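# Fold and contact review
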Amino acid sequence: MGYNVVWALRDSEICTSPLPVKRMRPPRDRSAGTGRIHTSVAMYVITHSPPGVAAVSERSLVLIKPDAVRRGLVGEILSRYERKGLTIVALQRRVIDSALSDAHYAEHVDKPFYPGLREFITGGPLVALVLEGDQAIDVVRQMNGATDSRAASPGTIRGDLSMSKSENLVHASDSPDSAKRELALWFPELS
Ligand code: CMP
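Residues numbered from 1 in each chain as written. Predicted model: local features only at pLDDT ≥ 70, side-chain atom pairs only at ≥ 80, totals over all residues.

Take the overall build of the protein next. The helix and strand tally for the protein stands at 8 helices and 7 strands. The proportion of buried residues among the 191 residues of the protein is 25%. A fraction of 64% describes how many contacts in the protein between residues 6 or more apart in sequence connect residues 24 or more apart. (Helix = DSSP H or I, 4+ residues; strand = E, 2+ residues; numbered from the N terminus. Buried ≥ 20, exposed ≤ 12 C-beta atoms within 10 Å, placed from the backbone. Contact = placed C-beta atoms within 7 Å.)

This is the structure we're talking about:
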């Protein structure tokens, strides 16, 4: 239970079987549901999901902030996301104006730290991207680490590469609702 056996064929044809792992063998005619005998099986991959937990593909809006661009950390940060298995769906380097900052950080505009945050986020180029993958919103936030980089765990982007709460290298959507709002704001062409 809970195993998916994915057969990758030499001709790039993919077929799946819900067989238990102990019965794995190259798919043949009816077991693969394709009505043909596959003689060109090259390899297989096994993915395991706990019973009842289905994969949930999500998109998260991520900002690689001006401090990361200034420090030459864009490649390092993108590489971490890619190595994790997330897909870059869109990517754009840009300098944003105050209006976009205010809209993006709408929940923070009245907070005492916001004027400094706006000056920082509009003060140089940043890289905006859309990351996609299974439970991507939570996965990316775990990878980014705690907002205060000084308290962020080692192994996270902030924990490894930053010592600041205000200049903390990255931003990511914190919920499906905020992802929807932020994606529409930054990449309306994808909505
Ligand atoms: P981010 O994930 O982009 O979401 C809101 C941002 O506000 C946060 O990262 C920090 O950059 C910034 N921030 C949050 N709290 C503070 C604070 N107390 N002082 C300065 N900046 C903050």
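The biggest cluster of nonpolar side chains holds 26 residues, and the ones touching the most others in it are Val62, Ile64, Ile77, Leu131, Val140 and Val170. Those elements that provide at least two residues to this core are strand 4 (57-64), helix 3 (74-84), strand 6 (126-134), helix 6 (136-144), helix 7 (157-161), strand 7 (170-172) and helix 8 (176-186). Here this core takes 5 residues from strand 6, the largest share from any one element. Sequence-distant contacts of valine 62, defined by excluding residues within four places in its chain, comprise Leu129, Leu131, Val140, Val170, His171 and Ala172. (Core = buried A, V, L, I, M, F, W, Y, C linked by C-beta atoms within 7 Å.)

A few words now on the site of the ligand. Neighbouring residues of the ligand: His108, Phe113, Leu117, Thr147, Lys165, Ser166, Asn168 and His171. Taken together, the residues of the shell around the ligand break down into 2 nonpolar, 5 polar and 1 charged. (Near = placed C-beta within 6 Å. Nonpolar A, V, L, I, M, F, W, Y, C, P; charged D, E, K, R; others polar.)

This paragraph deals with the environment of glutamine 92. Within the secondary structure layout, glutamine 92 lies in strand 5 (residues 87-94). By the C-beta count within 10 Å, which is 11 here, glutamine 92 ends up exposed. Separated by 37 residues in sequence, glutamine 92 and leucine 129 place their C-alpha atoms 6.3 Å apart.

Phi is positive for glutamine 135, close to 55°, though the residue is something other than glycine. Mapped onto the elements of the fold, glutamine 135 is located in the loop between strand 6 and helix 6. A positive phi angle, near 70°, is found at leucine 169, a position not held by glycine. One can find leucine 169 in the loop between helix 7 and strand 7.

What follows concerns the pairing of strand 4. Counting buried residues in strand 4 gives 6 out of 8 residues, a clear majority hidden from the surface. Both strand 4 and strand 6 contribute to a ladder of 8 bridges, which runs antiparallel. When the bridges of strand 6 are listed, glutamate 58 appears paired with glycine 133. (Pairing = 2+ DSSP bridges.)

Let us look at the pairing of strand 6. Pairing geometry for strand 5 and strand 6, over 7 bridges, is antiparallel. Within the sheet, the bridge partner assigned to isoleucine 88 lies in strand 6 and is leucine 131.

On the secondary structure map, leucine 131 appears in strand 6. The class of leucine 131 is buried, set by 27 C-beta atoms lying within 10 Å. Dropping the residues within four chain positions of it, leucine 131 is found in contact with Arg59, Ser60, Val62, Tyr81, Leu86, Thr87, Ile88, Ala136 and Val140.

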